[in-house]
Amino acid sequence: MNLLFLASWYPESPGSRNGIFIWQHAEAAAMDAKHSVALVAAISDVSVKKIEVRRELIHGVDHFVSHYPAGGFGLVRAWRYLWALHIAIRRKERTSGKSDLLVVNVLWRSGLLAWLYQLLFNRPYIIIEHWSGYLPEGQGYKGFYLKYFTRLVADRAERILAVSNYLANSMRSHALLNRYSLLPNVVNTELFKPGSAKQTDRAAYLLHISNLATEKNFGFVVELWQSLRLKWPQLELQVAGAYITAKQQEYIEVDGIQWLGFLEGQALASCYQNATALCMPSHFETFSIVIAEALACDCPVLATALPTYDFYSAAHHFFPLPAGDLTAWERAFEKCFNEKPSASNYNFVYENFSKSKVSEKLLSIIEGVMN
């Protein structure tokens, strides 16, 4: 098959992580050599005066990205985006032929064009959804036009694939009715795995990885860490991620916090492998890739007891905890500090979230749709 991924989110710069999980799903589909996989996206760019389509082959996936002039308001911006995405699709299909299936990643925006293609040219599409706006806590799914067009797009899709059951159920609650399947995000299990014997003698530090957005509840991370320091004065807090600078400034003067910034590759894996525990007290999540990565490295995880995390219930040293209950979080940390993980989570993560396993599931769904 000739598969074309439409990415509503795409990194705007080398340091951006915007939509990297979309790349990983496309790369999972490309693992089977029988299939040709390409990805298109459109991003506004203040440096261009007209649409420029840039092509790059990344891990077996052919990327065609339209850079279009920034600016404009409302309908003008929407038109520029859709036209730029259309130009990228035309460029891709002139290069490697018409696509058999459009794979929309994040319904809102690129799904509008897939819907138009289906109406005008009878082009089938499926949706892979990640957006937290559909969650009851997200509060992002509102406004007449957003809801109206979202329902049109969801209704025409051959299938909707959500990264968690909680997200799928939240979408159903908004009357986005379709056939749903679960497709988790991909964990790079070649990189994220248990460390050496030396590394498993974990250092005394609490790890937090996020962009510090409000829903990540970073204030509670700091509160927990400061409370734990009464018993472990040398305990450090390490914070990594492409975080919001303004949020960082609120805590920049707090002694003992190590601001690691954006990490990837072995540097990030080493953080997981050495930490006493990963602390993720988020108010809501659709998946949380960092929890899966940490578990693959046998790093204990302290997390808010969210319905999203139902698929982590079988993992060892995963602690779902009551939101805001400082005493419960302190006790869980003490358990992590005093006890090494009794068993490895690596096989659990591999069987559920590795690229090869997600590839099998995604391609099985796609082949079922096409047949």
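Cut-offs used in this document
Residues numbered from 1 in each chain as written. Predicted model: local features only at pLDDT ≥ 70, side-chain atom pairs only at ≥ 80, totals over all residues. Heavy atoms only, no water. Pairing = 2+ DSSP bridges. Helix = DSSP H or I, 4+ residues; strand = E, 2+ residues; numbered from the N terminus. Axes fitted to C-alpha atoms, helices over the stretch in contact; angles between N-to-C directions. Contact = heavy atoms within 4.5 Å. Parallel < 35°, antiparallel > 145°, perpendicular 65-115°, else oblique. Nonpolar A, V, L, I, M, F, W, Y, C, P; charged D, E, K, R; others polar. Core = buried A, V, L, I, M, F, W, Y, C linked by side-chain atoms within 4.5 Å. Buried < 20%, exposed > 50% of the residue type's maximum accessible area, 1.4 Å probe, protein only. Salt bridge = Lys/Arg side-chain N within 4 Å of Asp/Glu carboxyl O. Expected span 1.5 Å × (residues − 1). 1 Å grid on protein atoms, 1.4 Å probe; cavity = no way out; pocket = protein on both sides within 12 Å on 5 of 7 lines; lining within 4 Å. Points joined across faces, edges and corners; volume = space filled by probe spheres on them. Polar contact = N/O pair within 3.5 Å; in protein donor to acceptor, adjacent residues only side chain to side chain. Left-handed = near helix turned anticlockwise from the far one by under 90°.

(A) Main features of the sheet that holds strand 8 (residues 180-182). As summarised here, the arrangement of the 8 strands in space is 3-4-2-1-5-6-7-8, forming an open sheet in which the pairing is mixed. Strand pairing shows two members of the sheet lacking a second neighbour, strand 3 (52-58) and strand 8, which therefore form its edges. Neighbouring strand axes in the sheet, compared pairwise and without regard to direction, differ in orientation by 25° on average. As paired elements, strand 2 (residues 36-45) and strand 4 (residues 61-69) share 8 bridges and run parallel to each other. Bridging from a neighbouring strand, Ile-43 pairs with His-67 of strand 4. Against the sheet, helix 3 (residues 110-121) touches strand 1 (2-7), strand 5 (101-105) and strand 6 (125-129), its axis set at about 155° to strand 5.

(B) Structural context of the packing of helix 9 (residues 289-296) against helix 11 (residues 346-353). Contact geometry of helix 9 with helix 11 gives a least axis separation of 7 Å together with a crossing angle of 135°. One element, helix 9, and the other, helix 11, form an angle in the oblique class. Across the interface between the two elements, Ala-292, Leu-295 and Ala-296 from helix 9 touch Tyr-346, Val-349 and Phe-353 from helix 11. A class-by-class count of the residues in the contact of helix 9 with helix 11 yields 6 nonpolar, no polar and no charged.

(C) Inspection of unusual backbone geometry at higher detail. In this model, Arg-109 sits at a positive phi of 105°, which is unusual for a non-glycine residue. Tracing the sequence through the fold places Arg-109 in the loop between strand 5 and helix 3. At Leu-212, a residue that is not glycine, the phi angle is positive and equals roughly 65°. Within the secondary structure layout, Leu-212 lies in the loop between strand 9 (205-209) and helix 6 (218-228).

(D) Structural view of the nonpolar core. By size, the foremost hydrophobic cluster in this structure holds 75 residues, and its most contacted members are Tyr-272, Leu-278, Ile-291 and Tyr-312. Residues contacting Ile-291, with those up to four places away along its chain left out, are Leu-278, Met-280, Val-301, Ala-303, Tyr-309, Tyr-312 and Phe-318. Counting residues in each nonpolar core, the second largest holds 32 residues, with Ala-30, Ala-41, Ile-126 and Val-369 among its members.

(E) Representation of the pattern of salt bridges. Summed over the entire model, instances satisfying the criterion amount to 12 salt bridges. A salt bridge links Lys-231 to Glu-334, with the shortest nitrogen-to-oxygen separation between them at 2.6 Å. Here the residue Lys-231 occupies a position in the loop between helix 6 and strand 10 (236-240), and Glu-334 occupies one in helix 10 (residues 326-338), the gap between them amounting to 103 residues. With its nearest N and O atoms 3.8 Å apart, the salt bridge here joins Lys-247 to Glu-250. Given the relative accessible area of 23%, Lys-247 is considered partly exposed. Salt bridges sharing partners connect three or more residues here, namely Asp-45, Glu-52 and Arg-54.

(F) Fine view of the side chain of Gln-273. By the secondary structure assignment, Gln-273 is in helix 8 (residues 265-274). Gln-273 gets classed as buried once you look at its relative accessible area, which sits at 4%.

(G) Just the sheet that holds strand 12 (residues 277-280), in detail. Strands sit in the order 11-10-9-12-13-14 across an open sheet of 6 strands; the sheet is parallel. Each edge of the open sheet is held by one strand with a lone partner, namely strand 11 (257-261) and strand 14 (318-321). Here the strands of the sheet are splayed against their neighbours by 25° on average, with no regard to which way each runs. Pairing of strand 13 (residues 301-304) with strand 14 involves 4 bridges; the strand directions are parallel. Looking at strand 14, one finds that Thr-304 is bridged to Leu-321.

(H) Inspection of helix 3 at higher detail. For helix 3, spanning 12 residues, the distance from its first C-alpha to its last is 16 Å, which sits close to the expected 16 Å at 1.5 Å a residue. Those residues of helix 3 that fall on the buried side of the exposure criterion are Ser-110, Gly-111, Leu-112, Leu-113, Ala-114, Trp-115, Tyr-117 and Gln-118. On the buried face of helix 3, the contacting elements are strand 1, helix 2 (75-96), strand 5, strand 6 and helix 4 (144-156). Just downstream of helix 3, Asn-122 is the residue with a positive phi angle, here 60°.

(I) Quick look at the layout of surface pockets. By volume, the second largest pocket is sized at about 620 Å³. Lining the second largest pocket are 27 residues, and of these Arg-77, Ala-78, Trp-108, Arg-109 and Leu-112 lie nearest its centre. Among the secondary structure elements, those contributing two or more residues to the lining of the second largest pocket are strand 2, strand 4, helix 2 and helix 3. Examining the composition of the lining of the second largest pocket, we find that 6 residues originate from one element, helix 2, more than from any other.

(J) Quick look at the side chain of Arg-123. Within the secondary structure, Arg-123 sits in the loop between helix 3 and strand 6. Accessibility expressed as a relative area gives 6% for Arg-123, which makes it buried. Polar side-chain contacts of Arg-123 include one of 2.5 Å to the side chain of Glu-93. In contact with Arg-123, not counting residues within four places along its chain, are Glu-93, Lys-98, Ser-99, Leu-102, Tyr-117 and Gln-118.

(K) Geometry of the packing of helix 6 against helix 10. The geometry of helix 6 relative to helix 10 is characterised by a closest axis approach of 10 Å and an angle of 60° between their N-to-C directions. When the axes of helix 6 and helix 10 are compared, the pair comes out oblique. Seen from above, helix 6 lies across helix 10 with right-handed handedness. Contacts between helix 6 and helix 10 involve Phe-220, Glu-223, Leu-224, Ser-227 and Leu-228 from the first element and Leu-326, Trp-329, Glu-330 and Phe-333 from the second. Its residues assigned to classes, the contact of helix 6 with helix 10 shows 6 nonpolar, 1 polar and 2 charged.

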